[in-house]
Amino acid sequence: MKVNRQSLSNRVVHWLTALSIFWLIVTGVGQMPVYKRYFVTEIPGLSFLGSYFTTLNQHYIAGAILIAVGFYHLFYHAMRREFDILPRRGDVRASIAVIKAMLKGEPEPPSEKYLPEQRLAYAFIALTILLMVVSGVMKSWKNLTGNELSDFWLYWAATLHNAGMMLLIFGIIAHLAAFWLKPNRKLLGGMVHGKVEAHYVLERHGKWKEGIKRAQKALEREA
């Protein structure tokens, strides 16, 4: 028996964010002569990656989608007063305890709807996206007719944008690597169809009151 863990809104936001970030990275690298240098443009269907203006326009489109999704995400959860994904005091210590328990195969301390490391990962990726959006808007500003930025601001906008991209790639790799740990694999379904197993909720999310109620009801129906 399964219980709902992620709403349709959360899943749509998650995948639109993931896809737009993926395309931002692909087209952002396209602003440099990397694809032609390493013959990526010779691969059938990928010749467009060698066109500066094509990748630039697609970069802007992906960026606009990411910004729109971000505003929707913030507005939606603020209106519903849902803040359970935000980091809390003690999350670093709690994350270490959870990871140690997973690696040793020992019982984990009970968690709420989101694991402490999930809340920290959310904050890291959100702040990195904010850094990239702000620096990206600064870089784009100079491309609009009549607008100019000093060399100082252009340098720092480009530097922070590139640093943000590297941090974001690191965050994505760490996020995906977390599913190498077996207990985390059961969370994958939550971002696809929104549901996780009732027994999983009872075993791992003992502090998630609403989830516990749903899991118990699901198991009672099964019985």
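Please read all numbers here as calculations on a predicted model, not as lab measurements. The numbering scheme is per chain: residues are counted from 1 as the chain's sequence reads. The predicted nature of this model means local features are confined to residues of pLDDT at least 70 and side-chain atom pairs, given and counted, to a pLDDT of 80 or more, with totals for whole chains, interfaces and linings taken over all residues. Think of the side-chain values as coming from all heavy atoms in the structure, minus any hydrogens and water.

Draft legend 1. Main features of the side chain of serine 9. Here serine 9 lies in helix α1 (residues 8–29). Judged by relative accessible area, which is 13%, serine 9 ranks as buried. Not counting the four nearest positions on each side in its chain, serine 9 is found in contact with Tyr72 and Tyr76. Counting from the N terminus, the helices are the DSSP runs of H or I reaching at least four residues and the strands are the DSSP runs of E reaching at least two. Only protein chains enter the accessibility calculation, which uses a 1.4 Å probe; a residue is then buried when its area is under 20% of its type maximum, exposed when over 50%, and partly exposed in between. We call two residues in contact whenever any of their non-hydrogen atoms come within 4.5 Å of each other.

Draft legend 2. Fine view of the nonpolar core. Take the buried Ala, Val, Leu, Ile, Met, Phe, Trp, Tyr and Cys residues and link them wherever side-chain atoms come within 4.5 Å; each set so joined is a nonpolar core. In this structure, Ile21, Tyr35, Leu66, Ile129, Met165 and Leu168 are the most contacted members of the largest nonpolar core, which totals 13 residues. Listed by contribution, the elements that provide at least two residues to this core are α1, α3 (52–80), α5 (116–141) and α6 (151–177). Per-element accounting of this core gives the leading share, five residues, to α1. Among residues more than four places away in sequence, those in contact with tyrosine 35 are Ile25, Val26, Val29, Gly30, Val40, Thr41 and Leu49. Judged by nonpolar contacts, the second largest core, of twelve residues, contains Val3, Val196, Tyr200 and Ile212.

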